[in-house]
Protein chains: 2
Amino acid sequence: MEHKFVYFFGGGKAEGSRDMKDILGGKGAGLAEMTNVGLPVPPGFTISTQACNAYVANCGKLPPEIDQEIGVNLKKLEELTGQTLGSAENPLLVSVRSGAKFSMPGMMDTILNLGLNDVTLETLAKKTGNRRFALDCYRRFIQMFGNVVLGIEKDKFEHKLTGIKASKKVKTDSELRDTDLQELIALYQDVVKEQTGSDFPQDTHQQLAMARDAVFKSWNNPRAATYRKLNNIPHDLGTAVNIQLMVFGNMGDTSATGVGFTRNPASGAKEFYGEFLTNAQGEDVVAGIRTPMPIVKLNDVMPAAYVELRQITDKLERHYKDVQDFEFTIQESKLYMLQTRNGKRTGFAAIRFAIDLVREGICTKEEAIGTIDPASLNQLLHPIFDPAVRGKYKSVAKGLAASPGAATGKLVFTADEAVVWSEKKKEKVLLVRAETCPDDIHGMSVAQGVLTATGGMTSHAAVVGRQMGKPSVVGCGALKIDEKAGKMTIGGKTVKKGDWISIDGTTGEVVLAKIPTAPSEILQVINGKKKREDSELALAFFEVLSWCDDIRRLKVRANADIPHDAKIAFAFGAQGIGLCRTEHMFFAEDRLPLVQKMILADDPQERAEAIAQLLPLQREDFYGLFKEMHGNPVTIRTLDPPLHEFLPKREELMVKIATLKAKDPKKNKPKIEKLQALLRRVEDLHEFNPMLGHRGCRLGITYPELTEMQARAIFEAACRVAKEGGKVVPEIMIPLVAHVNEFTAQREVVLRAAKETMEREGCQLEFTIGTMIELPRACVVADKIAKDAEFFSFGTNDLTQTTYGFSRDDVGKILAYYLSDKHKILDRDPFESIDEEGVGALVRMGVQKGRSTRPNLKIGVCGEHGGDAASVHFFHKVGLDYVSASPYRVAIARLAAAQAVLDEKKAKMGD
Amino acid sequence: MEHKFVYFFGGGKAEGSRDMKDILGGKGAGLAEMTNVGLPVPPGFTISTQACNAYVANCGKLPPEIDQEIGVNLKKLEELTGQTLGSAENPLLVSVRSGAKFSMPGMMDTILNLGLNDVTLETLAKKTGNRRFALDCYRRFIQMFGNVVLGIEKDKFEHKLTGIKASKKVKTDSELRDTDLQELIALYQDVVKEQTGSDFPQDTHQQLAMARDAVFKSWNNPRAATYRKLNNIPHDLGTAVNIQLMVFGNMGDTSATGVGFTRNPASGAKEFYGEFLTNAQGEDVVAGIRTPMPIVKLNDVMPAAYVELRQITDKLERHYKDVQDFEFTIQESKLYMLQTRNGKRTGFAAIRFAIDLVREGICTKEEAIGTIDPASLNQLLHPIFDPAVRGKYKSVAKGLAASPGAATGKLVFTADEAVVWSEKKKEKVLLVRAETCPDDIHGMSVAQGVLTATGGMTSHAAVVGRQMGKPSVVGCGALKIDEKAGKMTIGGKTVKKGDWISIDGTTGEVVLAKIPTAPSEILQVINGKKKREDSELALAFFEVLSWCDDIRRLKVRANADIPHDAKIAFAFGAQGIGLCRTEHMFFAEDRLPLVQKMILADDPQERAEAIAQLLPLQREDFYGLFKEMHGNPVTIRTLDPPLHEFLPKREELMVKIATLKAKDPKKNKPKIEKLQALLRRVEDLHEFNPMLGHRGCRLGITYPELTEMQARAIFEAACRVAKEGGKVVPEIMIPLVAHVNEFTAQREVVLRAAKETMEREGCQLEFTIGTMIELPRACVVADKIAKDAEFFSFGTNDLTQTTYGFSRDDVGKILAYYLSDKHKILDRDPFESIDEEGVGALVRMGVQKGRSTRPNLKIGVCGEHGGDAASVHFFHKVGLDYVSASPYRVAIARLAAAQAVLDEKKAKMGD
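Let me begin by describing the structure that accompanies this report. (Residues numbered from 1 in each chain as written. Chains lettered and ligands numbered in written order. Predicted model: local features only at pLDDT ≥ 70, side-chain atom pairs only at ≥ 80, totals over all residues. Heavy atoms only, no water.)

## With respect to the packing of aromatic side chains
Residue and element names in this part refer to chain A.
Then comes step 1: With the rule as written, the count across this model stands at 38 aromatic pairs over all chains.
Then comes step 2: When the ring of Phe 157 is compared with that of Tyr 188, the centres are 5.0 Å apart and the planes differ by 75°; the resulting orientation is edge-to-face. Here Tyr 188 lies in helix 7 (residues 178-196) and Phe 157 lies in helix 6 (residues 154-167), a separation of 31 residues in the sequence. Pair check on accessibility: Phe 157 and Tyr 188 agree, each one buried.
Then comes step 3: Centre to centre, the rings of Phe 572 and Tyr 888 are 6.0 Å apart; their planes meet at 70°, and the pair counts as edge-to-face. Linking Phe 572 in the loop between helix 21 (563-571) and strand 26 (577-581) with Tyr 888 in the loop between strand 32 (882-885) and helix 36 (890-910), this pair joins segments that are 316 residues apart in sequence.
Then comes step 4: Taking the relative accessible area as the measure of exposure, Phe 572 reaches 0% and is therefore buried.
Then comes step 5: Overall, Tyr 888 belongs to the partly exposed group, its relative accessible area being 37%.
Then comes step 6: An aromatic cluster is built from Tyr 138, Phe 141, Phe 145 and Phe 200, whose rings are joined through pairwise contacts. (Phe/Tyr/Trp six-rings, centres within 6.5 Å; stacked < 30°, edge-to-face > 60°. Helix = DSSP H or I, 4+ residues; strand = E, 2+ residues; numbered from the N terminus. Buried < 20%, exposed > 50% of the residue type's maximum accessible area, 1.4 Å probe, protein only.)

Next up, the structure:
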């Protein structure tokens, strides 16, 4: 079969379908599906993402066979509509829109009204009997085409528009007369000539080809690239191009255009949600230039169209089994659907949608789970304004609650300022803009929250805010910004750049102060400050997570070092502790002196005494952990960090000594000598690369008394729990093993301590001894290590460090460079999401080799990756038994683990 | 077939042969072979190394079936000799000797005269008519058995012997009367009772079983373990036990015992070499208690035996095609051979042997190559005393030239002192002992050289000195040591601990001074100070290496950073430069300020200027390298180390600032501010783990102008050579690549610079761009990297660091601990010899993956391992194209590469 690059839709049927997002993009698949379902969709065709890749591969030239295929489909469209592109008699006008597999609102460029030129303009005016409409279409087209295709700055056109409005002494576009518009068109065409050296193209076929190529090119523009990186979308997917018959929302008062959601994507409430503008074209709504009307008002203006829209969107929700985000246009009272897709949502909405859709029988629990972005659950844990003090702060204004959450920061007016203040000055900032546009994304992503003066619930600021989980209040009309002067007025008050401001994205309120925050509702429930049954959100949250538990195979544990963390982890549903870092107990104020005494000991006797004093403290810690985990397994890692971490810093001591010496060496002699003695010991322990130095099991091997003490503390605590009738499953984990002999040596120490303690306590316990797999060598010789090790836990933080040769403490600057659009050496931060190709291959090797020796080897992961959804998918695939995440990421891991199973099922069905 | 654990020899034939060293050990195989060849060997049987392993595996108990098999062979021996173990009428006496595959002189414990008890003593006395002899045998037996089997300190027995000599007022053992010996035996038996709580065992079968087990146990004693580690002998080989009919060298003046070499193992001269003692048992010769007589004197004492010995040993040398180290005993004028094996030799001797044996038609070139230990070639490069000034220093005494080379150090009298002084005080020491014993090995290994008062050319000090390649002078009778007082007298002078002393192991001279040294003869030839044809040694050395070149498949290159090093490398036979570290050129005094200027530059312009100034300097370096390599390939690595290495140390700046501030902050203000500015930049560059930080290609990626400058310098230099008519093959190597995109980005910079430079110079050159594979990730994704990379060079230093998580700068202390006998976590230092199991597996993966993409990918190694023989074998096995070693290790690599081929052939023939 010949390869197909173009897919037609129209006349009640389409060549594509919803399942072809890879090829048609989200928008194209939606148009095809809606066409097939019989909805009113203007006909057209989709040029596939593969054509985009062919275009890129062919050095920015579309291969001729694809061009030809487009011609055939254009012909078909012309035949169906009875119109012809460029015809002076009956011209075809089309829109050209991008549409990748994953939607990128505001990111890709759209061109409307293509097919207009100086000739067809007149035909359109004549045929519609609406010259003003035709002129409006043409000036919009020149502006969009000039900006998007020819790369002319928007300002160049806006400047002309502003100029003409000033010279005509009118305020709004709609006050301009036909002749003014005619004049404006001429000015626009001058701009094009001036900026490009060529006339605005009158050849409509050339227009189409140029617009199409512009879409392909825009795939690689920096804005799109940033978006993809923020959302972890691969750079090689490509975008499709949709060429579709124009319908006009700007044909007068019986025409309109709008966007909406079947439910509230911010709060999750079951309410028809969105906005429309009469006598307007699509981009007016999203751009936020005119504040649009709430969608329910459409019922007042065009009731028939409203009812039809409700019916259609309800049908779409049931059809897609998910909340829909749709676009429509009403042309002279006739409704057309231009797009539908699963709606982006906040974490709050995601949970509520899942619960409601299942209750309403729209989808199954499994399908509902698939609609939730695991990372969005973090939003449910973001702080809220402290209810205890909230009353003290008066709101000065209220906008639309576009994205929930509390945000406080210093006021900045531009995205660049936001970046500079937050990154260089380490300030928390809140970004205030008249409206936001894609150029502001870098600023939005570093700001605590976003506040805009114009724009509705589907404006750029609202959409992106929700996606980023960033508190946003939009359309706050009370706001008057003077960006140049660096100040604004709101509610009668003037504030300037750098002043504190707070917004509540859940209520839309704006406060001119720094309001103290409190833990989120979910955290209040977790902490026992609020009863679960009193919180609808918590009930929903935990219900959805319980569905996940029925599906997932991976167990989820938490990394917790102290009983308090264990308690939180357990409340979040952790099925055990995957990593207790015993050293964290050593840093406590009352213990550090003992630890220092141990390190600085001159002889074994003195060291033994210090260690003996640490034992009861560690025992209490372990006892607390065991109790909080209620019989679930608890993995305790023996001491890991280099000892110098517990001592004063070398250079600080040097400076102190130098200062004392310079001031009065005689008087300060005793002090100096004492410090010098300390410095000598610090120097003894000093390392050039502590990450690769005397740490991990190397500590326990050189100071077996330390491991022994820790093992004794563990078993004494465990015996105590057991004697009290509790269940307890200690798992002792040896860190940083490179060679099996290291493990064996430490295992012997632990076994001996276990035996002695249990004999002394008269108490027999089940326990296991295993190891971290966190060095490349451990992966390579995992078969040997598994001979004695009863479990493995991949320490993917350290494994990433050594596999990449990246010190996590040092490569921040390099990684920023590597991840930047300009260099794109790496797609993702390997410390955030596991590097499947490199580190992942070693994990896979470790699993296979380990199980080759010990088929029932229990294997988990306890690096930061345990709380990253993509990584959890990978760990599921390679067959781990559990992931261990930070307590606050347990929910994400539970959800991601369930989604991994669902994805696996889907993939199998696809086979 | 039933598994066989015991092998008989005697009566003209043996069950074993020379090829069974694995099973019989070296000694057992030698005894079997000599028996088969028809030489006079006392009959006996060998218990195999597998029995040793079975003993160890069975928790220190010999499985009964092996015990039974021993019984059968003992019976056979009794039948052959007509004697019976423990018989009061005709008692069988045997020796029990260990014998592993690789001989460990002085390491393993030997028991003679086993079978004696209070009853058989009397029979022996009666049968030999020599009561004194019988008593001497019995007291020796009790002492050896007490020490070796029962673990009683030698001193306990020596003390009794000294006591009785004192009480009898005699000086030597031979002055003791029969009754004195009888008394001594009773005292010895008391010692045994006192120390073990049991009587000395009278049951001769029990004696045999205990002695046998003691040999097995001794396999794991610390001395043996140290030796194995020093000589890289695996710990799991096990030792065999040889039970052999006793023959007696202590039956009077027609009896003797001796050891020897068929040629001089120190110098390589063709001379019969060794020592003997009349009326003595074997251990007396080696232990150095009595200074033995040179072996040629045997011709005077027992001419018939001497002639027979010459004939037999000549035959053995031809039979084994190598110089033999043999042991013999003459019992009442009858010669018995007790052992033969290939002799250990110094590097000097190894070369000379090879040349002579081939010339004499005793072996082929290939066989001769197999006899040289590659590491021993280092000895040929050790400094000698500077001939220009040697005459100014007078020798105070002369001993035996036991191991060649010049050594100067501070005088120490004990092994422990040697270790403390050399490791803690960082002093060079020279160890002086009356005699050395295995307990002294740790001291010998850190000393510059060893001088002993007693002992001959085959004494412990001599043998071990030669093995270690450590200059040694032994048997220096002029030496009187007062260890307790920490002084000694020699040639009428008294010197004390810590005084300088020099020895010349080539001449045997001792000088009481620190003598300046000069390069070795080989190095003088290499440096052009001496003509090759004037040096017999150099001629032999390079002839042997040329044989290697005909055999080896691996190419050998050198790591050289400056033209001078390249010149030396080329003289040693390097076939190219495998690694030029360009940063080493930056540390030169005239360049460092420019490098610092570049790093501290405030703006790109300033940086560009500094870089531009570096370019001509780098170009000159490269030009020199290309010239010195005469058209061989030169691999140049782009800048690798973190930039802060070129700046002042952070803590030093901090101390300076603190001192200035404390002293007079006002006056010092300008200075302080300048230093603070510098410190800020140093802080910017400061890293917690620089090994895993901003270095390698990460530098070149963030500062592409640096890579570009280096590439331009390379191609400008190469063009100049080409224009001068020279051949030049530049290979540009990108360091520390973890991800293919890093390589690709740097490759583009280099390619662009290459193109521009060659166009400008009007000169087309062949060149390649490749990468270091020195991170685990690079091995894992080698298939991807090989798409663009034209060659790989494994940087096994860094690869070992990241695979193990060992910072080479920091883990010295840990490694010492890990390698120590007590802990034995690791068998070998992975930085010295490649860790085949871990790092090696990644190298193998890298090779396979790289070649899967690019079958003709050129692959080398440029870590320190390139100069380690065992590692070279591994690199040959995994199919690398070349190894690159330090210039001074090129010869070792050439030899090892040839041996790898020979080993491979042998292994194939074995299949």
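## Re the packing of helix 6 of chain A against helix 7 of chain A
All names here are of chain A.
Then comes step 1: Relative to each other, helix 6 and helix 7 sit at 150°, their axes nearing to 10 Å. With respect to helix 7, the axis of helix 6 lies roughly antiparallel. The two elements helix 6 and helix 7 cross, and the hand of that crossing is right-handed. Between helix 6, through Lys 156, Phe 157, Lys 160, Leu 161 and Ile 164, and helix 7, the contact on the second element is made entirely by Asp 180, Glu 183, Leu 184, Leu 187, Tyr 188, Val 191, Val 192 and Gln 195.
Then comes step 2: Looking at side-chain class alone, the contact of helix 6 with helix 7 contains eight nonpolar, one polar and four charged residues. (Axes fitted to C-alpha atoms, helices over the stretch in contact; angles between N-to-C directions. Parallel < 35°, antiparallel > 145°, perpendicular 65-115°, else oblique. Left-handed = near helix turned anticlockwise from the far one by under 90°. Contact = heavy atoms within 4.5 Å. Nonpolar A, V, L, I, M, F, W, Y, C, P; charged D, E, K, R; others polar.)

## Describing the environment of Met 210 of chain A
All names here are of chain A.
Then comes step 1: Along the polypeptide, Met 210 turns up in helix 8 (residues 204-218).
Then comes step 2: For Met 210, a relative accessible area of 24% puts it in the partly exposed group.
Then comes step 3: Expressed as a C-alpha distance, the spacing of Met 210 and Leu 150, which sit 60 residues apart in the sequence, is 8.7 Å.

## Topic: the interface of chain A and chain B
Then comes step 1: The interface is formed by 56 residues belonging to chain A together with 56 residues belonging to chain B.
Then comes step 2: Between chain A and chain B we count eight salt bridges in total.
Then comes step 3: As a salt-bridge pair, Glu 837 of chain A and Arg 777 of chain B come within 3.1 Å of each other at their nearest N and O atoms.
Then comes step 4: The interface formed by chain A and chain B holds 34 residue pairs in polar contact (both at pLDDT 80 or more) in total.
Then comes step 5: Among the elements of the structure, helix 25 (650-663), helix 27 (697-702), helix 29 (740-761), helix 30 (776-780), helix 32 (796-804), helix 33 (812-819) and helix 34 (836-853) of chain A are those that each provide at least two residues to the side of chain A that touches chain B.
Then comes step 6: In terms of residues, the side of chain A that touches chain B owes the most to one element, helix 25 of chain A, which gives eight residues.
Then comes step 7: Looking at the side of chain A that touches chain B residue by residue, the classes come out as 27 nonpolar, 14 polar and 15 charged. (Salt bridge = Lys/Arg side-chain N within 4 Å of Asp/Glu carboxyl O. Polar contact = N/O pair within 3.5 Å; in protein donor to acceptor, adjacent residues only side chain to side chain.)

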